[in-house]
2 protein chains.
Amino acid sequence: MAVSARRGAPLSIEEICSTALRLMDEGGVAGLSMRKLAAELNVNPMSLYHHVDSKEALLAQICATAAERMPLPPDDGTPWQAQLRALALAYHRHAREHPAMWTYVQNHPEIVADRRMKLWEVLYRILRLAGVTEEELHRTGDVLYAFVSGFVMAEIRGHLPADREGIDRDFDTAIHLMIHGLAGFGRQAAHPD
Amino acid sequence: MAVSARRGAPLSIEEICSTALRLMDEGGVAGLSMRKLAAELNVNPMSLYHHVDSKEALLAQICATAAERMPLPPDDGTPWQAQLRALALAYHRHAREHPAMWTYVQNHPEIVADRRMKLWEVLYRILRLAGVTEEELHRTGDVLYAFVSGFVMAEIRGHLPADREGIDRDFDTAIHLMIHGLAGFGRQAAHPD
DNA sequence: ACCTGAACACCGTTCAAGT
DNA sequence: ACCTGAACACCGTTCAAGT
């Protein structure tokens, strides 16, 4: 029988991706193998290759999709400092939900390099609010993203104190550093309200 | 014959570590396997396990040793801003020489958690110069290390522009952000000279 | 004490074959 | 078009055996 050792539906790329992401959430990057994934889907390992070029391509697709779905704070008209904080918190929360996925992204930053991603739109809007010039926008965004991802990774890897209070204080320190760094960034930083 | 398919010496932990680091430098984390390492050393794969508990333990030892050997800038009496910059540059240079090793460290931050490491000594000295209080020292150090490692990783992974000039400007932006972040950190930042 | 070969339980992926 | 089994070239590691 070649038709289906499976239940009903004939294996879609969406089902493959969501199951793979779940395996990563549960068991880390090491917890995802093509063979385990196939077993989880009740399918022959080789069937996966009909929907996906390689494990690497699958991981790239999982990460890009999940990153695109990260909930982002709306433009609520509050000062840029508050909005930057909200954005960093959103990233932090999503990374805590999918630590293995974001670890993989950190090691393969090209996945998140597409400047049409909403993440970049929101960050650029906030940086403009903070008074960053168009010329500096791209560079400043890259550096801040690297800072935040470095911090969030250290945090979810357990490099920083584990108790709720310690995390909050570390987070405050990180945001504080970035905000004052931006404010001292040359031209008058915008002071809304 | 069980005595030696090898040349002369009987396989030391130092030789194992330095060869393994070279393999990582040449072929990335994926370029290091216990079997390739053994082949490189003209030895049976299983012989390695007489000097090392596991691949994970070997990697931890390689990273800890290499991190401890990272050249650090001396206390040259210059302002803390210049010294912070010099420290970040030293880290950047070392990471460029051993990118796979530092990538592994970033994913296993406990390797670099030992506060007796010279890296932390130097960073704490600079932060004290910058006016950071003892109470904030540990936390601020953690956050800055996370920032710098995040930035350096993004850079060596090619997430930032590749040309020499672009890298320099990104580096300037990163240092600028950190310095002004620290300077705005509350109490009067020290202004030497 | 140090090294080895065979074996085990895994990987990702190719390829020819099935319906 | 979609799925499969067998096979290939790899992994890390255990274990009993050699000197």
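Residues numbered from 1 in each chain as written. Chains lettered and ligands numbered in written order. Predicted model: local features only at pLDDT ≥ 70, side-chain atom pairs only at ≥ 80, totals over all residues. Heavy atoms only, no water.

(A) How the structure looks around the relation of the copies chain A and chain B. Superposition of chain A onto chain B requires a rotation of 180° combined with a translation of 0.0 Å along the rotation axis, giving an RMSD of 0.0 Å. A rotation of that kind, with that shift, is consistent with a two-fold axis. (Least-squares fit on C-alpha atoms with pLDDT ≥ 70 in both.)

(B) Looking closely at helix α5 (residues 99–107) of chain B. Summarising burial for α5(B): eight of the nine residues are buried, a large majority. Within α5(B), the full set of buried residues consists of Ala100(B), Met101(B), Trp102(B), Thr103(B), Tyr104(B), Val105(B), Gln106(B) and Asn107(B). (Buried < 20%, exposed > 50% of the residue type's maximum accessible area, 1.4 Å probe, protein only. Helix = DSSP H or I, 4+ residues; strand = E, 2+ residues; numbered from the N terminus.)

(C) Structural context of the packing of helix α1 (residues 13–27) of chain A against helix α3 (residues 55–68) of chain A. All names here are of chain A. Two elements in contact, α1 and α3, have axes whose closest approach is 10 Å; the angle formed by their N-to-C orientations is 85°. As summarised for this structure, α1 and α3 are arranged roughly perpendicular, according to the angle between their axes. In contact with Ile13, Ile16, Cys17, Ala20, Leu21 and Met24 of α1, α3 contributes Leu58, Leu59, Gln61, Ile62 and Ala66. Partitioning the contact of α1 with α3 into residue classes produces ten nonpolar, one polar and no charged. (Axes fitted to C-alpha atoms, helices over the stretch in contact; angles between N-to-C directions. Parallel < 35°, antiparallel > 145°, perpendicular 65-115°, else oblique. Contact = heavy atoms within 4.5 Å. Nonpolar A, V, L, I, M, F, W, Y, C, P; charged D, E, K, R; others polar.)

(D) Summary view of the packing of aromatic side chains. Residues and elements named next belong to chain A. Here the structure, examined in full by the defined rule, presents eleven aromatic pairs over all chains. A centroid spacing of 5.8 Å and a plane angle of 90° characterise the contact between Tyr91 and Tyr145, whose relative ring orientation is edge-to-face. Here Tyr91 is found in helix α4 (residues 80–97), whereas its partner Tyr145 is found in helix α7 (residues 134–156), with 54 residues between them in sequence. Taking the relative accessible area as the measure of exposure, Tyr91 reaches 4% and is therefore buried. Tyr145 sits in the buried class, given a relative accessible area of 10%. With a centroid separation of 6.0 Å and an interplanar angle of 35°, the aromatic rings of Trp120 and Tyr124 are classed as tilted. (Phe/Tyr/Trp six-rings, centres within 6.5 Å; stacked < 30°, edge-to-face > 60°.)

(E) Summary view of the UniProt feature "domain: HTH tetR-type" (unreviewed entry) in chain A. UniProt annotation of "domain: HTH tetR-type" (unreviewed entry) refers to residues 10–70 of chain A when read in the numbering used here. Helix makes up 59% of residues 10–70 of chain A and strand 0%, with an end-to-end C-alpha separation of 28 Å. (UniProt positions renumbered as here; feature names shortened; annotations may be inferred.)

(F) Local environment of the domain arrangement of chain A. Residues and elements named next belong to chain A. For chain A, the assigned domains are domain 1 (13–64) and domain 2 (70–190). Between the C-alpha centres of domain 1 and domain 2 there is a distance of 29 Å. Taken together, the contact between domain 1 and domain 2 spans ten residues of the former and seven residues of the latter. Between domain 1 and domain 2, a total of about 790 Å² is buried, with carbon and sulfur atoms accounting for 77% of that surface. The interface formed by domain 1 and domain 2 contains zero salt bridges. The tally of links between domain 1 and domain 2 comes to one residue pair in polar contact (both at pLDDT 80 or more). Counting residues per element, the ones that place at least two in the side of domain 1 that touches domain 2 are α1 and α3. By residue number, the principal contributor to the side of domain 1 that touches domain 2 is α3, which donates five residues. (Domains from an automatic or database assignment. Buried area = accessible area lost by both parts, 1.4 Å probe. Salt bridge = Lys/Arg side-chain N within 4 Å of Asp/Glu carboxyl O. Polar contact = N/O pair within 3.5 Å; in protein donor to acceptor, adjacent residues only side chain to side chain.)

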